[in-house]
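Breakdown of the fold
If you want the building blocks of each chain, they are given just below.
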Amino acid sequence: GESVGLHLPTLSVQEGDNSIINCAYSNSASDYFIWYKQESGKGPQFIIDIRSNMDKRQGQRVTVLLNKTVKHLSLQIAATQPGDSAVYFCAEMGNSGGSNYKLTFGKGTLLTVNP
Amino acid sequence: SQTIHQWPATLVQPVGSPLSLECTVEGTSNPNLYWYRQAAGRGLQLLFYSVGIGQISSEVPQNLSASRPQDRQFILSSKKLLLSDSGFYLCAWRSGGTTNEKLFFGSGTQLSVL
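Structure report, in brief. (Residues numbered from 1 in each chain as written. Chains lettered and ligands numbered in written order. Predicted model: local features only at pLDDT ≥ 70, side-chain atom pairs only at ≥ 80, totals over all residues. Heavy atoms only, no water.)

Next up on the list: the overall build of chain A. From N to C terminus, chain A includes zero helices and 11 strands. For chain A, the sequential pattern of α-helices and β-strands runs β-β-β-β-β-β-β-β-β-β-β. When the 115 residues of chain A are sorted by exposure, 43% land in the buried category. Looking at chain A alone, contacts between residues at least 24 apart form 54% of all its contacts between residues at least 6 apart. (Helix = DSSP H or I, 4+ residues; strand = E, 2+ residues; numbered from the N terminus. Buried < 20%, exposed > 50% of the residue type's maximum accessible area, 1.4 Å probe, protein only. Contact = heavy atoms within 4.5 Å.)

What follows is the structure, given as C-alpha cells:
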C-alpha cells in the first residue's frame, strides 16, 4: 500500500552544524506534507508544512524541500542546537476522497545533537 | 486560541480490564478528530478519525472503539484490554471542512497493559 518512509533512522550531528533529514513517499496523489518534531514522552509538534505546488519553504532555522519528481521530502535545520534533539516525522496527506482527512506518518528519524 | 486536552497522561491496566481515554478540544467548532497509537520507537498509526458527531471511521481492525458524543469530545474505549494494546495514544485535531490543514496533537497517554 501507499506509505511514507525515511531513509535514515538515526542522525547524529555536532552542535552548530546543519542537519538534513530525508523522507521518501510513494503516494503520487499526496499534495500536502508536514514535518513534526517529537520529544520523548510528548505529542508531535508541528514544525513546517509544504503544499505540492511549492518545492521549497522556509521557516525559522528550518527549510523543507519537496521534489515531486522523485517523491522526496527533506527537512534542513540550520545551526542545530541541543534542543533540536528529538524524533522527526514526515507526514503526507492526499487531496481526494477519504484521504484528505488522514495524515500518514513515516517511521521517524532520531536526531541527536552533540555539544 | 485552540487547545487540546488529553487524559490521563499515564495509565496501567490489567489484561481484560476496560479502557476509556478522553480527548477534548477548546476554541474551535466542528473539528476533525483523530486517535493515533505509537509503539515504542515507532511511527504513528492512525486508529480512528471523525469528521462530526457520531461519525467514526476505523482504520484498522482492533480491540478498540471510538465515540464522539459531542462536537469537541473524542473517546477511545475498549471492553477488554489485551497486552498488545499497550502503547502511546495520541489524540489530534484539525479544522473541519478544509483540506491540507495540519494536525495538532495532544500530550498523549502512555498505556501499559500488564
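Once you've had a look at it, read on.
In this section: the pairing of strand β4 (residues 32-38) of chain B. Where a strand is regular, its side chains alternate between the two sheet faces. Residue and element names in this part refer to chain B. For β4, the buried fraction is high: seven of the seven residues fall into the buried class. In β4, alternate side chains face the same way, and those of N32, Y34, Y36 and Q38 on one face and L33, W35 and R37 on the other are all buried. Two elements, β4 and strand β9 (residues 87-94), share seven bridges in a ladder whose sense is antiparallel. In the sheet register, W35 faces β9, and the bridge partner there is C91. Where β4 and strand β5 (residues 44-52) come together, six bridges link them in antiparallel fashion. Pairing of W35 across the sheet is with F48, part of β5. (Pairing = 2+ DSSP bridges.)

At the interface, 23 residues of chain A touch 22 residues of chain B. Summing both sides of the interface, chain A and chain B together bury roughly 1700 Å²; the carbon and sulfur share of this comes to 56%. If you sort the residues of chain A by the area they bury against chain B, A:Y101, A:K102 and A:F105 come out on top, with a joint share of 30%. The interface formed by chain A and chain B holds zero salt bridges in total. Where chain A packs against chain B, one counts four residue pairs in polar contact (both at pLDDT 80 or more). Elements represented by at least two residues in the side of chain A that touches chain B include exactly β4 (32-38), β5 (45-51), β9 (86-93) and β10 (103-105) of chain A. Residue classes in the side of chain A that touches chain B are distributed as 10 nonpolar, seven polar and six charged. (Buried area = accessible area lost by both parts, 1.4 Å probe. Salt bridge = Lys/Arg side-chain N within 4 Å of Asp/Glu carboxyl O. Polar contact = N/O pair within 3.5 Å; in protein donor to acceptor, adjacent residues only side chain to side chain. Nonpolar A, V, L, I, M, F, W, Y, C, P; charged D, E, K, R; others polar.)

Residue and element names in this part refer to chain B. Read across the sheet, four strands follow the order β1-β3-β8-β7 without closing on themselves; strand pairing throughout is antiparallel. The sheet is open, and its two edges are formed by β1 (3-7) and β7 (65-70), each paired on a single side. Recorded for the sheet is a direction-independent mean angle of 20 degrees between the axes of neighbouring strands. When β7 meets strand β8 (residues 73-78), the two strands line up antiparallel, connected through four bridges. Bridge pairing in β8 places Q70 opposite Q73. (Axes fitted to C-alpha atoms, helices over the stretch in contact; angles between N-to-C directions.)

Of note, the amide linkage connecting B:W7 to B:P8 takes the cis form, showing an omega dihedral of 0 degrees. Structurally, the position occupied by B:P8 is in the loop between β1 and β2 (10-13). Non-glycine residue A:R61 carries a positive phi angle of around 70 degrees. In this fold, A:R61 is placed in the loop between β6 (56-58) and β7 (62-67). Non-glycine residue B:N30 carries a positive phi angle of around 50 degrees. Position of B:N30 among the secondary structure elements: in the loop between β3 (19-26) and β4.

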